[in-house]
Amino acid sequence: MTNDAVTVVTQVPTDVALTPNAVLRCRVEELNVADQRPIVVGSRTVPVEPTAGRLEVTLPVDEGLDPQSAYGVFLHLDAGGTGAVDVGDAITTETVPVLTHGGAERVDVQLHRVG
């Protein structure tokens, strides 16, 4: 496996009000670890303009990922830039597989408003 990055494409939900402090937090996680927090193998945080609509982010992933493991993308559109998941933010609500087991290097991800 030679993948060294994942590209995520998403849309700001129309019911999310972005502030000048808004950021998109992206993580690629190993999903094989039961009963503990997923292992983050790649992450990136980017500022988001208050007028943004479509977002595209490429985030690097660790070298030497296990091709037998499963990996997925998690997104948090932090509308207020607080660092916490708050009402009015948007997050992924289902696993989006990437890199192994038929998962792509480029994925479209749907965000859902919190609250």
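What comes next is a walk through the structure. (Residues numbered from 1 in each chain as written. Predicted model: local features only at pLDDT ≥ 70, side-chain atom pairs only at ≥ 80, totals over all residues. Heavy atoms only, no water.)

### Some points on the nonpolar core
No. 1: Core analysis: the largest hydrophobic core is formed by 29 residues, its most contacted members being Leu-24, Val-28, Val-73 and Leu-77.
No. 2: By residue number, the principal contributor to this core is strand S5 (residues 71-78), which donates 4 residues.
No. 3: For Val-73, the residues in contact, after removing those within four places along its chain, are Val-6, Val-8, Arg-27, Val-28, Thr-92, Val-96, Val-98, Val-107 and Val-109. (Core = buried A, V, L, I, M, F, W, Y, C linked by side-chain atoms within 4.5 Å. Buried < 20%, exposed > 50% of the residue type's maximum accessible area, 1.4 Å probe, protein only. Helix = DSSP H or I, 4+ residues; strand = E, 2+ residues; numbered from the N terminus. Contact = heavy atoms within 4.5 Å.)

### Notes on the pattern of salt bridges
A side chain of one charge can pair with a side chain of the opposite charge when the charged atoms of the two come close.
No. 1: All told, the structure shown has 4 salt bridges when counted by the stated rule.
No. 2: We note a salt bridge from Arg-25 to Asp-78, for which the minimum N-O separation is 3.0 Å. You can see Arg-25 sitting in strand S2 (residues 23-30) and its partner Asp-78 sitting in strand S5, a full 53 residues away along the chain.
No. 3: Using a relative accessible area of 26% as the deciding quantity, one classes Arg-25 as partly exposed. (Salt bridge = Lys/Arg side-chain N within 4 Å of Asp/Glu carboxyl O.)

### Brief notes about the environment of Leu-18
No. 1: Looking at the secondary structure, you find Leu-18 in the loop between strand S1 (5-11) and S2.
No. 2: We classify Leu-18 as buried; its relative accessible area is 14%.
No. 3: The spatial distance from the C-alpha of Leu-18 to the C-alpha of Thr-51 is 7.6 Å, given a sequence separation of 33 residues.

### Thoughts on the side chain of Thr-100
No. 1: Summarising the element assignment, Thr-100 is placed in the loop between strand S7 (96-98) and strand S8 (106-109).
No. 2: A polar side-chain atom of Thr-100 sits 2.6 Å from the main-chain carbonyl oxygen of Ser-69. (Polar contact = N/O pair within 3.5 Å; in protein donor to acceptor, adjacent residues only side chain to side chain.)

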